[in-house]
Amino acid sequence: MIPLRKNIAEMAGYVPGFQPRDEAAWIKLNTNENPYPPSPKVVEAILAEIGSRGESLRKYPDAASRLGREEAGRLYGFDPSWVIMANGSDELLNNLIRAFAGEGEEIAFVHPSYSYYATLAEIQGARVRTFGLTEKWELADFPKRYEGKLFFLVNPNAPLGFTYPLEFIEELAGRCAGMLVVDEAYADFADENALALVKKYENVVVTRTLSKSYSLAGMRLGLAVARPQVIEALDKIRDHYNLDRLAQAAALASLADQTYFAECVRKIRETRAWFTGELRVLGYGVIPSRANFVFATPTDRNGKRVYQGLFDRQILVRHFSDPQLSHGLRISIGTREEMERTLDALREIG
Ligand SMILES: *Cc1c(COP(=O)(O)O)cnc(C)c1O
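On a predicted model such as this, the values are computed, not experimentally measured, just so you know.

Rules used in this analysis
Residues numbered from 1 in each chain as written. Predicted model: local features only at pLDDT ≥ 70, side-chain atom pairs only at ≥ 80, totals over all residues. Heavy atoms only, no water. Near = heavy atom within 4 Å. Polar contact = N/O pair within 3.5 Å; in protein donor to acceptor, adjacent residues only side chain to side chain. Areas by Shrake-Rupley, 256 points an atom, 1.4 Å probe, with all protein chains shown as cover. Nonpolar A, V, L, I, M, F, W, Y, C, P; charged D, E, K, R; others polar. Phe/Tyr/Trp six-rings, centres within 6.5 Å; stacked < 30°, edge-to-face > 60°. Helix = DSSP H or I, 4+ residues; strand = E, 2+ residues; numbered from the N terminus. Buried < 20%, exposed > 50% of the residue type's maximum accessible area, 1.4 Å probe, protein only. Domains from an automatic or database assignment. Contact = heavy atoms within 4.5 Å. Buried area = accessible area lost by both parts, 1.4 Å probe. Salt bridge = Lys/Arg side-chain N within 4 Å of Asp/Glu carboxyl O. Core = buried A, V, L, I, M, F, W, Y, C linked by side-chain atoms within 4.5 Å. Axes fitted to C-alpha atoms, helices over the stretch in contact; angles between N-to-C directions. Parallel < 35°, antiparallel > 145°, perpendicular 65-115°, else oblique. Left-handed = near helix turned anticlockwise from the far one by under 90°. Pairing = 2+ DSSP bridges.

### Concerning the site of the ligand
Then, in step 1: Inspection of the region around the ligand gives 13 residues, with Ser 89, Tyr 186, Thr 209, Ser 211 and Lys 212 positioned closest.
Then, in step 2: Interatomic distance of 3.0 Å between a backbone N/O atom of Asp 90 and an oxygen atom of the ligand.
Then, in step 3: A distance of 2.6 Å separates an oxygen atom of the ligand from a polar side-chain atom of Ser 211.
Then, in step 4: Contact with the protein chains covers 92% of the free accessible surface of the ligand, which is 380 Å².
Then, in step 5: Broken down by class, the residue content of the shell around the ligand amounts to five nonpolar, four polar and four charged.

Here is the structure:
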């Protein structure tokens, strides 16, 4: 017998979205990647960091990713002591649980949203509670005072794409005895965000990722904004060299090129609005989305059938077997041309 901890031996492990081997043969709309390349300045910065002979790679990176914190702090209007950089925002979600929820203590999140929190809690041995949603996308049965250690709110919600009113998030901050983590993986595609609440409430943490809006899923870059005391705790827990040199160069260059960023986001929002309208013409029910994907339901409410039809045409979207989501599909917003081809396929599938 290998003496694994009981919770590790018993857990299933998280299954990420499918990444096909022959990527170029697919229209890939299943993991909310950005269809546009990162800023050309990112490529320049990475190449400059490597140099002609890779000399810099011999040396450890800056352990604290200081330049990235400063750039993000400038961008969002916070002192760098309120910012931490991470190897993907997933690293932060993990370390928040490690910092705040001990074995047997409770964390919570909304279902449906990001189920990875449950996996991270299982590893830690923390207990998991979920809160459902009403028909009007409000939290069902959230207590007047929630006593758990952490409550994760994905805003805009994934995989559904709607947003909670900012006043409601503010109210939640007051109702949480523990920390309120607003997972803003998609906030760059929305009209509002909760950064101002970090200044106002000491128990609010905002997490961001460069994977989606900055086209850097392959670099693994995320960040969090919170009180310096929280940042200091997260700094104790993280791998001391959590960002490699190339990731740090990429983070800095991409955050600095706001012109390129804004143009990418504009195109995706424009395509999202047009694609939503076209899906409705085809009879699909579509939740108005503030993210870079839409959740769409065919008239026969058989998401699996349409998923398979698209798969057969080498178009990958996300279907969830969860009974609350299996009627629909989450479709990432690609280029206009990719979405036109997806619509053609949906017309064929019927
Ligand atoms: C994509 C995503 C993440 C993970 O982002 P990474 O920075 O790529 O680790 C976190 N939360 C939600 C809700 C996401 O959709």
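Next comes the rest of the description.
### Details of the packing of aromatic side chains
Then, in step 1: Per the stated rule, a full pass over the model turns up 22 aromatic pairs.
Then, in step 2: Each ring, one from Trp 26 and one from Phe 311, has its centre 4.9 Å from the other, and the planes form 55°; the classification is tilted. Pair noted here: Trp 26 is in the loop between helix H1 (6-10) and strand S1 (27-28) and Phe 311 is in helix H11 (residues 303-312), with a separation of 285 residues, a long-range link.
Then, in step 3: Trp 26 sits in the buried class, given a relative accessible area of 13%.

### Remarks on the domain arrangement of the protein chain
Then, in step 1: On domain assignment, one finds that the protein chain holds domain 1 (6-30 + 259-349) and domain 2 (40-257).
Then, in step 2: Distance from the C-alpha centre of domain 1 to the C-alpha centre of domain 2: 24 Å.
Then, in step 3: Contact residues are listed per partner, giving 24 residues for domain 1 and 29 residues for domain 2.
Then, in step 4: Summed over both sides, the interface of domain 1 with domain 2 buries roughly 2,400 Å², with 63% coming from carbon and sulfur.
Then, in step 5: On the surface where domain 1 and domain 2 come into contact, there are two salt bridges.
Then, in step 6: Residue Arg 269 is joined to Asp 191 by a salt bridge in which the shortest nitrogen-to-oxygen separation is 2.8 Å.
Then, in step 7: At the boundary of domain 1 with domain 2, the tally comes to twelve residue pairs in polar contact (both at pLDDT 80 or more).
Then, in step 8: Secondary structure elements with two or more residues in the side of domain 1 that touches domain 2: H1, helix H10 (258-281) and strand S10 (293-297).
Then, in step 9: For the side of domain 1 that touches domain 2, the element with the most residues is H10, which contributes seven residues.

### Structural notes on the nonpolar core
Then, in step 1: Ranked by size, the top nonpolar core spans 109 residues in total, and within it Ile 107, Phe 151 and Leu 180 carry the most contacts.
Then, in step 2: Shared between two domains, this core takes at least three residues from each, and those domains are domain 1 (6-30 + 259-349) and domain 2 (40-257).

### Side note on the packing of H11 against helix H12 (residues 336-349)
Then, in step 1: Contact geometry of H11 with H12 gives a least axis separation of 10 Å together with a crossing angle of 120°. Considering the angle they form, H11 stands oblique to H12. Along this stretch, H11 crosses H12, giving a crossing that reads as right-handed. Residues Arg 305, Val 306, Gly 309 and Leu 310 of H11 touch H12, and the partners they reach there are Thr 342, Ala 345, Leu 346 and Ile 349.
Then, in step 2: Partitioning the contact of H11 with H12 into residue classes produces five nonpolar, two polar and one charged.

### A closer look at the sheet that holds strand S8 (residues 222-225)
Then, in step 1: A sheet is described by the order of its strands in space; here seven strands give the open sequence S2-S8-S7-S6-S5-S3-S4, paired in mixed fashion. The open sheet has two free edges, formed respectively by strand S2 (83-86) and strand S4 (127-131), since each of these has just one partner strand. Within this sheet the neighbouring strands show an average axis-to-axis angle of 20°, counted without direction.
Then, in step 2: Along the sheet, helix H3 (residues 66-76) contacts S2, strand S7 (204-209) and S8; its crossing angle with S2, the most-contacted strand, is approximately 125°.

### As for the packing of helix H2 (residues 40-50) against helix H9 (residues 245-256)
Then, in step 1: Across the interface, H2 lies against H9 with an axial gap of 8 Å and an inter-helix angle of 145°. Two packed elements cross with a definite hand, and for H2 against H9 that hand is right-handed. Note on element contacts: H9 touches H2 through Arg 245, Leu 246, Ala 249, Ala 250, Ala 253 and Ser 254, opposite Lys 41, Val 42, Ala 45, Ile 46, Glu 49 and Ile 50.
Then, in step 2: Residue classes in the contact of H2 with H9 are distributed as eight nonpolar, one polar and three charged.

### Here we look at the pattern of salt bridges
Then, in step 1: Inspection of every chain in the model, using the stated rule, returns 26 salt bridges.
Then, in step 2: Between Asp 235 and Arg 69 there is a salt bridge, and its shortest N-O distance comes to 2.9 Å. In this pair, Asp 235 sits in helix H8 (residues 228-237) while Arg 69 sits in helix H3, placing the two residues 166 residues apart along the sequence.
Then, in step 3: What makes Arg 69 buried here is its relative accessible area of 8%.

### Remarks on the pairing of S4
Then, in step 1: Judged from the five bridges that link them, strand S3 (residues 106-110) and S4 form a sheet pairing that is parallel. Residue pairing across strands places Phe 109 opposite Thr 130, the latter belonging to S4.

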